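Each chain, written out:
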Amino acid sequence: EPTPDAATVARQRGIEIIGESADEDFSAYRGRFGAIVLMDVIEHLHRPRDVLRELKTLLAPRGLLILFTGDACTWPVRISLPYHWYMKFPIHLVQLGERHMRWLERDLGLERCAWRTVAHAPGSWMDRLQTEGRCIASVMWERFLRHHAATRWLAKCPGFRGVSAYTEPAFWPILRDHFWCLLRPIPA
């Protein structure tokens, strides 16, 4: 844990912190972990492939790597680049998706046990449908309409009302634009 305050809170809750950075030498822990969880972590790493390779060595036989991160291959992300909210954070160094993970799995000798595209927050199908419509309207506004002559008229139309006021990508937590996956080393 690189953040001293977060490490202090974790220690107060009985969690043993074994390092501050994924770049440290963890050879003393080889084969000791039944599961390693990277929740909103991998997108912050300078060399995620190297880190995953090292973490694989720390897993006990049949151990699991559990990842949760933004999914660069989902339609909300793909249509809204570079305006997607998750991509705007300069601390997000890497954006992965299913294609990237398939390559990493082959390269690192990992097998996928589970994969799910998920949202940050729950929502009904109707809420999600309305949010998807707002996402599409926002992208259309940014890409094609912001400087169009019909802007004043469009800004008053249902679906575009309010979109013209966006100054940055909107945060839509109920869109399925993240994934979690379970990976296991392929036995030698």
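Everything discussed here concerns the structure shown above.
Caption draft 1: Quick look at the environment of C135. Tracing the sequence through the fold places C135 in helix α5 (residues 125-145). Overall, the relative accessible area of 1% leaves C135 in the buried class. In this structure, the C-alpha to C-alpha distance between C135 and H84, residues 51 residues apart in sequence, is 9.2 Å. Setting aside chain neighbours within four positions, we find C135 in contact with W75, P76, I79, W172 and L175.

Caption draft 2: Examining helix α2 (residues 48-58) more closely. Listed as buried for α2 are P48, V51, L52, L55 and L58. Take α2 and look down its axis: the buried residues cluster within an arc of 105 degrees, on one side only.

Caption draft 3: Broad picture of the pairing of strand β1 (residues 33-39). As defined by bridge partners, β1 adjoins strand β2 (residues 59-70) across 6 bridges and the pair is classed as parallel. Note that in β2 the partner of A35 across the bridge is L64. Viewed along the sheet, the connection from β1 through α2 into β2 turns out right-handed.

Caption draft 4: Fine view of the pairing of β2. The element β2 is largely enclosed, with a buried count of 9 among its 12 residues. As judged from the 6 bridges shared by β2 and strand β4 (residues 178-185), these two strands associate in the antiparallel manner. The residue of β4 that forms the bridge with L65 is L183.

Definitions and limits used
- Residues numbered from 1 in each chain as written.
- Predicted model: local features only at pLDDT ≥ 70, side-chain atom pairs only at ≥ 80, totals over all residues.
- Heavy atoms only, no water.
- Helix = DSSP H or I, 4+ residues; strand = E, 2+ residues; numbered from the N terminus.
- Buried < 20%, exposed > 50% of the residue type's maximum accessible area, 1.4 Å probe, protein only.
- Contact = heavy atoms within 4.5 Å.
- Arc of directions from axis to C-beta.
- Pairing = 2+ DSSP bridges.
- Right-handed = clockwise from strand over helix to strand, strands pointing away.

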